[in-house]
Amino acid sequence: MCAVNGGDIRHILSGVLLTCLTLPVWAGWHQDTQAVMGTRVHVEFFVKDDTAGAALLNAVMQEMHRIDHAFSPYKDNSELSRVNREAGRGWVDISDELLDLLVKSAQLSELSEGAFDITYASVGRYYDYRKGKVPDEDTVQAAVKAINYRYVELDPASKRVRFAHPRVYIDLGGMAKGHAVDRGIKILSAAGVTQASVAAGGDSRIIGDRGGKPWNVGVQHPREPGRMSALLPLVDTAVSTSGDYERYFEKDGVRYHHILDPGTGRSAEGAWSVTILGPEATLTDGLSTSVFVLGPERGLALVNRLPGIDAIIIDPQGQLLFSDELSELQSPAP
Ligand code: ADP
Ligand code: MG
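Notes on the environment of Gly 184
Mapped onto the elements of the fold, Gly 184 is located in helix α6 (residues 176–190). Sequence separation between Gly 184 and Val 60 is 124 residues, and the spatial gap between their C-alpha atoms is 5.2 Å. If near-sequence neighbours (up to four positions away) are discounted, Gly 184 is found in contact with Val 60, Met 64 and Val 198.

In structure tokens, the structure reads:
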């Protein structure tokens, strides 16, 4: 593969394979890594003043924890858990932020023809990836009837939600990390930061460069932990990867992982991993989950229709597939 300068295309793809990234230790650079939302959150940015930088770092991390508390399905007192308990019985008042996330998730469902569907959790709630627990066929067949994003009814004017089916259960895991990353970047931008990276697990967003050089975001090899399949030198972009290796277990030769096909309530099998590049992490996060479910053919067709969005898919044979714009970058027209 060749390293190409993308001109006005912002996502520059290089074929360089690297396994470790160096971290800046220069004056003015601030960074922290914490376990939040069940994943590794890493924040890194440049602010000349040390006191201001430390306060900003703290503010971004606080924001990550706040989002975790609001939208975790595992915390009984989260806003999401309250909705899951009450919205099957009638209208529930929700925050502007949750309304915004529900509107965006409905848009993603429409865009992906139902591949992205937060009601996947009506079945998804019965899996336990840590304990290797699979729901039995009867449970899946009963609960799969409650998977349909149209069951999530919104009343934006009054900021309310209700479920049109009593067994609906929602989970924002397909876009919440991207949302947290966007909120972190918003805090940094508002404070005048022009060089930053915020990452939550497989979702990252970058503003500016890193001391004159692009930021490097790795695409993890889906079957060899610690190895990268590609390294993306990026500026001013968001990037999300969804993989079947993130949360999974194997039983009787079947790989059960955390991205479910809403049509079947079983793990989607169209890809090993999907990486999406675009302007905002909420969108790239949601699209990486969507394209994973759609599989390479329908997924690339969707990405190629969307301006400013690119994709790298690793298919179930381990082959790298690229969206049109990235393919052109790799083999530019003569
Ligand atoms: P992660 O960074 O957690 O690996 P992904 O972007 O790959 O996140 O999305 C996986 C998460 O999305 C799952 O853990 C689950 O919460 C949620 N999810 C699974 N299947 C779907 C689906 N079909 N539509 C929307 N969200 C889903
Ligand atoms: Mg996602």
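Following the structure, the description resumes.
Here's the deal with the packing of helix α1 (residues 50–71) against α6
At their nearest, the axes of α1 and α6 sit 9 Å apart, and the two run at 150° to each other. With respect to α6, the element α1 is oriented roughly antiparallel. The chirality of how α1 crosses α6 is right-handed. Each of Leu 56, Ala 59, Val 60, Glu 63, Met 64, Arg 66, Ile 67 and Phe 71 in α1 lies in contact with α6, whose residues at this interface are Ala 176, His 179, Ala 180, Val 181, Arg 183, Gly 184, Ile 187 and Leu 188.

Some words on the site of ligand 1
Looking at ligand 1, there are 20 residues lining it, with Tyr 120, Lys 177, Ser 242, His 258 and Leu 260 nearest. In the model, an oxygen atom of ligand 1 is placed 2.8 Å from a nitrogen or oxygen of the Ser 242 side chain. Measuring from an oxygen atom of ligand 1, one finds a side-chain N or O atom of Asp 285 at 2.8 Å. Burial of ligand 1 by the protein amounts to 97% of the accessible area it has alone, namely 560 Å². Counting atoms within 2 Å of the grid points, the majority share of ligand 1 lands in the largest pocket.

Quick notes on the coordination of the magnesium ion (ligand 2)
Each protein donor to the magnesium ion (ligand 2) is listed here as Asp 285 (O), Asp 285 (OD) and Thr 289 (OG1); together their distances run 2.1 to 2.3 Å. Separated by 4 residues within a single helix, Asp 285 and Thr 289 lie in helix α7 (residues 281–305), roughly one turn from each other. Residue Thr 289 is classed as buried on the basis of its relative accessible area of 15%.

Each value, and the rule that gives it
Residues numbered from 1 in each chain as written. Chains lettered and ligands numbered in written order. Predicted model: local features only at pLDDT ≥ 70, side-chain atom pairs only at ≥ 80, totals over all residues. Heavy atoms only, no water. Helix = DSSP H or I, 4+ residues; strand = E, 2+ residues; numbered from the N terminus. Contact = heavy atoms within 4.5 Å. Axes fitted to C-alpha atoms, helices over the stretch in contact; angles between N-to-C directions. Parallel < 35°, antiparallel > 145°, perpendicular 65-115°, else oblique. Left-handed = near helix turned anticlockwise from the far one by under 90°. Near = heavy atom within 4 Å. Polar contact = N/O pair within 3.5 Å; in protein donor to acceptor, adjacent residues only side chain to side chain. Areas by Shrake-Rupley, 256 points an atom, 1.4 Å probe, with all protein chains shown as cover. 1 Å grid on protein atoms, 1.4 Å probe; cavity = no way out; pocket = protein on both sides within 12 Å on 5 of 7 lines; lining within 4 Å. Sits in = over half its atoms within 2 Å of the grid points. Donors = N, O, S within 2.8 Å, 3.2 Å for Na, K, Ca; no water. Buried < 20%, exposed > 50% of the residue type's maximum accessible area, 1.4 Å probe, protein only.

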